[in-house]
Amino acid sequence: MTDARADAIPPASPLDQDFSRPGRKPGRRSGWRLVRGAWRLLVGIKDFLVLAAMLLFFGLIFAALNARPGTKAITDGALLLKLDGPIVEQPETVAPLAMLSGRSVPHEYRLRDLVRAIDTAKDDGRVKVLVLDLDAFGGAYPATLQEVGDAIQRFRKDGKPVLAYATAYTDGAYRLAANASEVWVNPLGGTLFTGPGGNQLYYKGLIDKLGVTTHVYRVGKFKSFVEPYIRSDQSPDARAASQALYGTLFAQWREAVAKARPKAQIDAFLTQPDRAVLASNGSIADANLKAGLVDKLGDKLAFGKRVAEIAGAEANKPAGSFRTISYASWVRANPLPTKGDAIGVLTIAGNIVDGEAGPGTAAGETVSKALLDGLAKKNLKALVVRVDSPGGSVLASEQIRQAILEAKRQKLPVIVSMGGLAASGGYWVSTPADLIFAEPGTITGSIGIFGIIPTFENTLAKIGVTTDGVKTTPLTGQPDVLGGTTPMLDTILQAGIENGYRQFLTRVAEARHMTPEKVDTIAQGRVWDGGTARQIGLVDRFGTLSDAIAEAARRAKLDPAKVYPEYLEKKPGFAAVLAEGFDSDDDGQQGGDVFAIAAAERRAVAARALGDVARLARGGSVQAKCLECGALGPVGSASDERLLDLLIARLGL
């Protein structure tokens, strides 16, 4: 008779059987123990992933609750602009996981938000003082700096003070600070000026050592973007063009600083800075003070106490604290207008690439879709194209241009507003405009195209690897990145580049009412400042984005005071909004003296080099892009910085 209790006991799992009993083989026992251990490891990994997912979920919920706008009332105080990153036309989206990773995430400040914040603050009684914390400023293009500086001047004209602080000002940071009523510098820091320019990276020596063959197809003797891959130094033509461009932009910088601080003795710091510093016993800050470049010497504590005298001190807070209105809260409390007739504003910011991409990159598919959707779904009265790009893919540039032409087919006035940069592909997409606005410091032109194909036949030969095979046509297997290109393919590709250049000239000639021959004399890949570009006919008027919107309204027979900009760009997703909830005005990089600035520049150079390699590896089409532009704008892009962080993490540095 069977025992019921025995029947209730489930059979033992194979993982739990006792292999110590007679008849069990020791080898099988060891195997089952190994399987059992692996099973437990997998269960542990599963439990860990579930726990991590729960922590992430509740963390995002917490961020969402804290990211709700309007939860904290804005009270009297100082509007704090802690610009610990670059000023850009369109910031890149920060992924929530990047915020949770513990790594520092570079801040980027949208130009139009920054200008709107300053302009709305000048007329608001709650804002007692504007504070510029430029200790870790990430830079901006000259035209961008001029626009923000003008906004600061408008703030001061209403009788309100502006106080600026840094341990050491970069050239760009000082162009902003010069507009302040009080410029402070740390007594252990101090400011030296370098002017635009500096060394570029050239990879020809490395490419030769690796045995890589770089096939370059280009038109334009000034199209210097390809030079780092085929030369070890700058060509005479590129050097002459850069000297002219940098000289003009430097003269604009000096003029802007002299206008903002007419009593400052800046020439000595530009021509013989060593004498000025030695005359102050090596104290750069004292030399700055004697020359009138700064008004006060003091550390962050002293500066905070000075701001508190104007804005009020924070109760129960450490010394040096002052009543603060955060920049993020102020921007949320002063949104863009939405009443009246809509003027579409299409933003083309960052590298122009094929396919789709997020904000901060001008992807052909993404940008053109945003415009076509806007034309179909929104009652737009005119279109303003805001360009802030060094160029990129010709294919993507033409895709965007065709979308802009669709707006013209619908009888909409089309106005282009060039920001800090509208070169190469950035000028290609500007050609459909009825009118082009720029600033004197806008970098534009660079009308020329190129293509690069690296091949590795010599690299493989170094390790004894060769290639061979059957070819059914002269172009079978071409372009062969392992075996090299053929003279026939090289001829075809160069002919294609020359045809693309002729198309570029034709588009510019038709848009600017010139002959292709005339355009060719000012093209050849040469980069121009906005002032010169206006003189030679590439630009029509000087003006900001607001000026372009007003002109678009007038051409649509509307009152400029009764229109609003409808930005045709992808709205931040839920994840991006959550990521902003983790952001804080107290976060970000910390500044330093001239040595720290040099260290930041070294990091930026390394990040830019990695970015160049990555872009060369994935560049899949003919390019219209500007090389010189990178040395005139923000220190480095957020994507290049993330790439460098990833490399450092992988190497364990």
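Residues numbered from 1 in each chain as written. Predicted model: local features only at pLDDT ≥ 70, side-chain atom pairs only at ≥ 80, totals over all residues. Heavy atoms only, no water.

1. Concerning the overall build of the protein chain
- The helix and strand inventory of the protein chain stands at 25 helices and 22 strands.
- Taking all contacts inside the protein chain whose residues are at least 6 apart in sequence as the whole, residues at least 24 apart take part in 76%.
- Put simply, the protein chain shows about 32,200 Å² of open surface, and 57% of that area lies on carbon and sulfur atoms. (Helix = DSSP H or I, 4+ residues; strand = E, 2+ residues; numbered from the N terminus. Contact = heavy atoms within 4.5 Å. Areas by Shrake-Rupley, 256 points an atom, 1.4 Å probe, with all protein chains shown as cover.)

2. What to know about the packing of helix 15 (residues 364-377) against helix 16 (residues 394-409)
- Interhelical geometry of helix 15 versus helix 16 gives an angle of 10° and a closest axis separation of 8 Å. Taken together, the axis directions place helix 15 and helix 16 in an arrangement best described as roughly parallel. On helix 16, the residues that touch Gly364, Glu365, Val367, Ser368, Leu371, Leu372 and Leu375 of helix 15 are Ala396, Gln399, Ile400, Ala403, Ile404, Glu406 and Ala407.
- Across the contact of helix 15 with helix 16, the residue classes tally to nine nonpolar, three polar and two charged. (Axes fitted to C-alpha atoms, helices over the stretch in contact; angles between N-to-C directions. Parallel < 35°, antiparallel > 145°, perpendicular 65-115°, else oblique. Nonpolar A, V, L, I, M, F, W, Y, C, P; charged D, E, K, R; others polar.)

3. Some thoughts on the pairing of strand 13 (residues 380-389)
- Of all the ten residues making up strand 13, nine are buried; the element is thus mostly covered by neighbouring parts of the structure.
- Summarising the sheet, strand 10 (residues 341-349) and strand 13 pair through eight bridges and their orientation is parallel. Directly across from alanine 342, in strand 13, lies its bridge partner leucine 380.
- As judged from the six bridges shared by strand 13 and strand 15 (residues 414-423), these two strands associate in the parallel manner. Looking at the pairing, arginine 386 lines up with serine 417 of strand 15. (Buried < 20%, exposed > 50% of the residue type's maximum accessible area, 1.4 Å probe, protein only. Pairing = 2+ DSSP bridges.)

4. Comments concerning the pairing of strand 21 (residues 563-567)
- Burial of strand 21 is extensive: five of the five residues sit out of reach of the surface.
- Pairing of strand 10 with strand 21 involves five bridges; the strand directions are parallel. Bridge assignment links aspartate 341 to a residue of strand 21, and that residue is valine 563.

5. Focus on helix 9 (residues 236-260)
- Compared with an ideal rise of 1.5 Å per residue, which puts 25 residues at 36 Å, helix 9 spans 36 Å between its outermost C-alpha atoms and is within 8% of the ideal.
- Every buried residue of helix 9 is accounted for by Ala238, Ala241, Ser242, Leu245, Tyr246, Leu249, Gln252, Trp253, Ala256, Val257 and Ala260.
- Contacts from the buried residues of helix 9 go to helix 5 (142-157), helix 6 (171-177), helix 8 (227-230), helix 10 (267-271), strand 17 (443-445) and strand 19 (527-529). (Expected span 1.5 Å × (residues − 1).)

6. Examining the sheet that holds strand 9 (residues 324-326)
- One open sheet holds the six strands; their spatial order is 8-6-5-4-1-9, and the pairing between them is parallel. The open sheet has two edge strands, strand 8 (296-297) and strand 9, and neither has a second partner.
- Bridge analysis of strand 1 (residues 77-82) against strand 9 gives three bridges, and the strand direction is parallel. Each bridged residue has a counterpart across the sheet, and for leucine 80 the counterpart in strand 9 is serine 326.
- In the packing of helix 5 onto the sheet, the strands contacted are strand 4 (127-133) and strand 5 (162-166), and the crossing angle to strand 4 comes to about 150°.
- Those strands touched by helix 13 (residues 300-311) are strand 1, strand 4, strand 5 and strand 6 (182-185), and its axis lies near 160° from that of strand 4.

7. Observations regarding the pattern of salt bridges
- Under the criterion given, the structure shown has 27 salt bridges.
- Arginine 409 is paired through a salt bridge with glutamate 406; the nearest N and O atoms lie 3.0 Å apart. Linking arginine 409 with glutamate 406, this pair stays in helix 16, spanning three residues, or about one helical turn.
- With a relative accessible area of 48%, arginine 409 lands in the partly exposed category.
- Counted as one network, the salt bridges with shared partners bring together Arg110, Arg112, Asp113, Arg116 and Glu569. (Salt bridge = Lys/Arg side-chain N within 4 Å of Asp/Glu carboxyl O.)

8. Digging into the nonpolar core
- Membership of the largest hydrophobic core comes to 53 residues, with the highest contact counts inside it found for Leu134 and Tyr169.
- A total of six residues in this core trace back to one element, the largest contributor, which is helix 4 (residues 111-122).
- With near-sequence residues (within four places) excluded, leucine 134 lies in contact with Leu83, Tyr165, Ala166, Tyr169, Ala173, Leu176 and Ala177.
- With 51 residues, the next largest nonpolar core counts Leu380, Val385, Val394 and Leu505 among its residues. (Core = buried A, V, L, I, M, F, W, Y, C linked by side-chain atoms within 4.5 Å.)

9. Regarding helix 19 (residues 487-512)
- When the terminal C-alpha atoms of helix 19 are compared, their 37 Å separation across 26 residues agrees well with the 38 Å that a helix rising 1.5 Å per residue should span.
- The set of residues buried in helix 19 consists of Leu489, Ile497, Gly500, Tyr501, Phe504, Leu505, Arg507, Val508, Ala509, Ala511 and Arg512.
- Once helix 19 finishes, histidine 513 follows within two positions and takes phi at roughly 55°, a positive value.

10. A short note on the packing of aromatic side chains
- Within the structure shown, the criterion is met by ten aromatic pairs.
- Seen in terms of ring centroids, tyrosine 165 and phenylalanine 303 are 5.2 Å apart; in terms of plane orientation they differ by 35°. Their pairing is tilted. Remark: phenylalanine 303 occurs in helix 13 and tyrosine 165 occurs in strand 5; sequence separation between them is 138 residues. Here tyrosine 165 matches phenylalanine 303 in class, with each residue buried.
- Among the aromatic residues, those joined into a ring-pair cluster are Tyr169, Tyr174, Phe193, Phe250 and Trp253.
- For arginine 112, the ring lying beneath its charged end belongs to tyrosine 567, and the centroid distance is 3.6 Å.
- Between the NZ or CZ atom of arginine 526 and the centre of the ring of phenylalanine 222, over which it lies, the distance is 5.2 Å. (Phe/Tyr/Trp six-rings, centres within 6.5 Å; stacked < 30°, edge-to-face > 60°. Lys NZ or Arg CZ within 6 Å of the ring centre and 35° of its normal.)

11. Quick word on a nonpolar patch on the surface
- Together, Trp39, Leu41, Leu42, Ile45, Phe48 and Leu49 make up a nonpolar patch on the protein surface, roughly 690 Å² of accessible area in all.
- The class of leucine 41 is exposed, set by a relative accessible area of 55%. (Patch = residues over 30% accessible without salt bridge, like charges linked within 9 Å, V, L, I, M, F, W, Y side chains within 5 Å.)

12. Regarding the environment of arginine 386
- Its location among the elements puts arginine 386 in strand 13.
- The class of arginine 386 is buried, set by a relative accessible area of 3%.
- Residues arginine 386 and threonine 347, spaced 39 residues apart in sequence, show a C-alpha to C-alpha distance of 4.8 Å.
- In this structure the side chain of arginine 386 is engaged in a polar contact, spanning 3.0 Å, whose partner is the side chain of glutamate 89.
- Among the polar contacts listed, one links the side chain of arginine 386 to the side chain of serine 417, at a separation of 2.7 Å. (Polar contact = N/O pair within 3.5 Å; in protein donor to acceptor, adjacent residues only side chain to side chain.)

13. Let's talk about the confidence of the model for the protein chain
- Residues with a pLDDT of 70 or more make up 78% of the protein chain, whose mean pLDDT is 86.
- In this model, residues 1-24 is a region of pLDDT below 50 whose contacts with residues beyond four sequence positions or in other chains number 16 contacts.
- Ignoring residues within four places in sequence, the model shows residues 67-71, a span with pLDDT below 50, making three contacts including any to other chains. (pLDDT = per-residue confidence, 0-100.)

14. Topic: the environment of glycine 198
- The topology assignment puts glycine 198 in the loop between strand 6 and helix 7 (204-210).
- Separated by 434 residues in the primary sequence, glycine 198 and leucine 632 place their C-alpha atoms 9.8 Å from one another.

15. Observations concerning the packing of helix 4 against helix 5
- Relative orientation of the contacting elements helix 4 and helix 5 amounts to 10°, with a least axis distance of 8 Å. Viewed along their axes, helix 4 and helix 5 adopt a mutual orientation that is roughly parallel. Counted together, Leu111, Leu114, Val115, Ile118, Asp119, Ala121 and Lys122 of helix 4 and Thr144, Glu147, Val148, Ala151, Ile152, Arg154 and Phe155 of helix 5 form the full contact between these two elements.
- Class assignment of the residues belonging to the contact of helix 4 with helix 5 gives a composition of nine nonpolar, one polar and four charged.

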